[in-house]
Each structure stands twice: as C-alpha cells, then as structure tokens.
Amino acid sequence: MAKRVKRAEKGIESLKKQIEEHFGKIETDIREGNIGRGKYHLKEIDKGLLKALEIKIKILGAEDDNSVQIYRERLEELRKSLELSEGE
C-alpha cells in the first residue's frame, strides 16, 4: 500500500509540473499572438490535467493545498487575456 501512496504522490507532483509547463506555453502564446494554440493549451489544462489532478487528490485522500482552485483561478485569468488578445 505504501508504494501506491508514494506513486500517487509522485503522480500529483508530475501533474502539477505539467500544468505549470502548459501555463508557460499559454503565456508565450499570448505574447506571440497565437490565440488558437493558446486555447488548445487552455483546454488541455482544463479538461485533462486539472481533472486528473482532482481525481488523484481525491483517491489519495490527501489534503489539498488549494492547488486545484489556484490553478482554476489562474486559468480563468489567462482565458480572459486570450479573449482580450483575440479582440485586438
């Protein structure tokens, strides 16, 4: 059982790292004006990575450090930035 817990904890950290990488890509896309590509990364985070993170945290029964909520708020801010960039 201990191996599973450690593996799940590593999985959570890995997902957080992937989410951060995608956030970086979105920020780059906004700066470069690649709206379509930025939207792709938004969906990737929203529909895939955040959902997987929520599930792993729930399965592990770990106390969430509000990371999912923080990521969702950051995602909304970037979504608004993309929409503003798209309107230009």
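Residues numbered from 1 in each chain as written. Predicted model: local features only at pLDDT ≥ 70, side-chain atom pairs only at ≥ 80, totals over all residues. Heavy atoms only, no water.

Peer 1: Sorry, what's going on with the side chain of D29 here?
Peer 2: Here D29 lies in helix α1 (residues 2–32). With relative accessibility at 1%, the residue D29 sits in the buried group. In terms of polar contacts, D29 uses its side chain to reach the backbone amide nitrogen of G38, at 3.4 Å. Leave out the neighbours within four places in its chain, and D29 touches N34, R37, G38 and H41. (Helix = DSSP H or I, 4+ residues; strand = E, 2+ residues; numbered from the N terminus. Buried < 20%, exposed > 50% of the residue type's maximum accessible area, 1.4 Å probe, protein only. Polar contact = N/O pair within 3.5 Å; in protein donor to acceptor, adjacent residues only side chain to side chain. Contact = heavy atoms within 4.5 Å.)

Peer 1: In this structure, what is going on with α1? I would like to understand it.
Peer 2: An α-helix turns once per 3.6 residues; consequently, residues spaced three or four apart project the same way. Over its 31 residues, α1 runs 45 Å from end to end, which matches the ideal 45 Å to within 8%, given 1.5 Å per residue. When we look at burial in α1, the residues that qualify are A8, G11, I12, L15, K16, I19, H22, F23, I26 and D29. G33 sits one or two residues past α1 and shows a positive phi near 80 degrees. (Expected span 1.5 Å × (residues − 1).)

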